[in-house]
Amino acid sequence: TCEHGQTSQLPKALIKECLMAFASQQTNPSKLQKDVVATFQSLGYGVNEEVLCTKTGYSIDAVIILKNSEVAVEVDGPSHFIGYKPTG
């Protein structure tokens, strides 16, 4: 299963290679994301930052650790990419 529950028609080896390449990209947390994480931490919550989703390769901004569960938090969403211009 791939993103959005769809089945990929790519060979499994290529899917794995693509996922590894996608997941190896360096993350760059925004100031807003750092502030949100710091706020959760100041409230006493455990927080894991930039958690790799093994199913999609996406990086989750923060995972808040609750008593019996974890909650994924996406802080900036696509605003990271508004005005983004590739350089190569």
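See above for the structure.
None of these values were measured; they are calculated from a predicted model.

Engineer: So what's going on with the overall build of the protein? Which residues, and what values?
Structural biologist: Check the secondary structure of the protein and you find two helices and three strands. The order of helices and strands in the protein, counted from the N terminus, is α-α-β-β-β. With 88 residues in all, the protein has 14% of them scored as buried. For the protein, restricting intrachain contacts to residue pairs at least 6 apart in sequence, the fraction spanning at least 24 positions comes to 30%. If you sum the accessible surface of the protein, you get close to 7100 Å²; carbon and sulfur atoms cover 57% of it.

Engineer: Kindly report on the sheet that holds strand 1 (residues 46–52), identifying the contributing residues and their values.
Structural biologist: With respect to topology, three strands assemble into an open sheet ordered 1-2-3, the strand pairing being antiparallel. Looking at the sheet topology across the chains shown, the edges are occupied by strand 1 and strand 3 (70–73). Shown here is a sheet whose adjacent strand axes are inclined to one another by a mean of 30°, direction ignored. Most of the contacts of helix 2 (residues 31–42) go to strand 1, to which it runs at about 145°, and overall it touches strand 1 and strand 2 (59–65).

Engineer: Outline the environment of V63, listing residues and values.
Structural biologist: On the secondary structure map, V63 appears in strand 2. Residues V63 and V73 lie ten residues apart in sequence; the distance between their C-alpha atoms is 6.0 Å. Residue contacts for V63: discarding those within four places in its chain leaves G46, V47, N48, V51, E70, V71 and A72.

Engineer: So what's going on with the nonpolar core? Residues and values would help.
Structural biologist: Formed by V37, V47, A62, I64 and V73, the largest nonpolar core amounts to five residues. If sequence neighbours within four positions are ignored, A62 has contacts with V37, V47, N48, E49, V71, A72 and V73.

Engineer: Describe the environment of S24, and please don't skip the residues or the numbers.
Structural biologist: With respect to the helices, strands and loops of the structure, S24 is situated in the loop between helix 1 (12–23) and helix 2. Judged by its relative accessible area of 54%, S24 falls in the exposed class. A C-alpha to C-alpha distance of 8.7 Å links S24 and G57, two positions 33 residues apart in sequence.

Engineer: Pulling in residues and values, what's your account of the pairing of strand 1?
Structural biologist: Two faces, one strand: in a regular strand the side chains alternate between the faces of the sheet. With six bridges connecting them, strand 1 and strand 2 associate as antiparallel partners. Across the sheet, residue N48 finds its bridge partner in strand 2, namely V63. Hairpin connection, strand 1 to strand 2: the antiparallel pair is bridged by six residues, and G57 has positive phi, about 85°.

Conventions and cut-offs
Residues numbered from 1 in each chain as written. Predicted model: local features only at pLDDT ≥ 70, side-chain atom pairs only at ≥ 80, totals over all residues. Heavy atoms only, no water. Helix = DSSP H or I, 4+ residues; strand = E, 2+ residues; numbered from the N terminus. Buried < 20%, exposed > 50% of the residue type's maximum accessible area, 1.4 Å probe, protein only. Contact = heavy atoms within 4.5 Å. Areas by Shrake-Rupley, 256 points an atom, 1.4 Å probe, with all protein chains shown as cover. Pairing = 2+ DSSP bridges. Axes fitted to C-alpha atoms, helices over the stretch in contact; angles between N-to-C directions. Core = buried A, V, L, I, M, F, W, Y, C linked by side-chain atoms within 4.5 Å.

Such coordinate-based values are descriptive only and should not be taken to indicate function.
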